[in-house]
Amino acid sequence: MPRPTAAQLAYGSCTVIFSTLAMLLLSQTSSGVGIAVIAVAALLLGLLVAMTVPMPRKPRVVAIRKPAPTEREQAEEPVLTQS
């Protein structure tokens with residue numbers, strides 16, 4: 001499994017922090033069970049966001065091949081002779 005990038009860690013962490021704060025403020029819960037449920041939901045959401053951030057791709061080396069010259073092209077090329 002590849003290691004997470006800095007962008008994945010940053011997006012996941014910000015998601016956990018902001019979603020936890022938003023859910024706690026919107027639900028106005030004060031019970032321990034409610035806070036635990038919100039914390040677990042925020043962690044799962046942060047994990048989901050971190051895993052969906054695209055991984056950087058390794059650069060691909062593409063070989064470009066020149067097509068073989070046809071008979072006509074070979075005949076049209078000037079032939080250099082040494083005198």
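I would appreciate a short explanation of the confidence of the model for the protein chain in the present structure.
Segments scoring low in pLDDT should not have their predicted coordinates read at a detailed level. Confidence in the prediction for the protein chain averages 82 pLDDT; 80% of positions are at 70 or higher. Of all secondary-structure elements in the protein chain, the lowest mean pLDDT belongs to helix α3 (residues 71-76), at 61, while helix α2 (residues 32-52) reaches the highest, 92.

How do you make sense of helix α1 (residues 6-27) when you look at a structure like this?
In an α-helix there are 3.6 residues to a turn, and that puts residues three or four apart on one side. A rise of 1.5 Å per residue sets the reference length of α1, with its 22 residues, at 32 Å; its end C-alpha atoms lie 31 Å apart and thus fit the reference within 8%. For α1, the secondary structure elements touched by its buried residues are α2. With its phi angle positive at about 55 degrees, Gln 28 sits one or two positions after the end of α1.

I keep staring at unusual backbone geometry and nothing clicks. Help me out?
Across residues other than glycine, the phi torsion is negative in most instances, and most of the peptide bonds are trans. The backbone phi angle of Gln 28 is positive, close to 55 degrees, even though this residue is not glycine. When you line up the elements, Gln 28 lands in the loop between α1 and α2. In this structure Gln 28 comes out as exposed when scored by relative accessible area, which is 68%.

So what exactly am I meant to see when it comes to the side chain of Ser 19 here?
With respect to the helices and strands, the residue Ser 19 is situated in helix α1. The buried category is assigned to Ser 19, whose relative accessible area is 12%. Only 3.3 Å separates the side chain of Ser 19 from the backbone oxygen of Val 16, close enough to count as a polar contact. Apart from residues lying up to four places away in sequence, Ser 19 is in contact with Ala 42 and Leu 45.

Here is what the cut-offs are and how they apply
Residues numbered from 1 in each chain as written. Predicted model: local features only at pLDDT ≥ 70, side-chain atom pairs only at ≥ 80, totals over all residues. Heavy atoms only, no water. pLDDT = per-residue confidence, 0-100. Helix = DSSP H or I, 4+ residues; strand = E, 2+ residues; numbered from the N terminus. Expected span 1.5 Å × (residues − 1). Contact = heavy atoms within 4.5 Å. Buried < 20%, exposed > 50% of the residue type's maximum accessible area, 1.4 Å probe, protein only. Polar contact = N/O pair within 3.5 Å; in protein donor to acceptor, adjacent residues only side chain to side chain.

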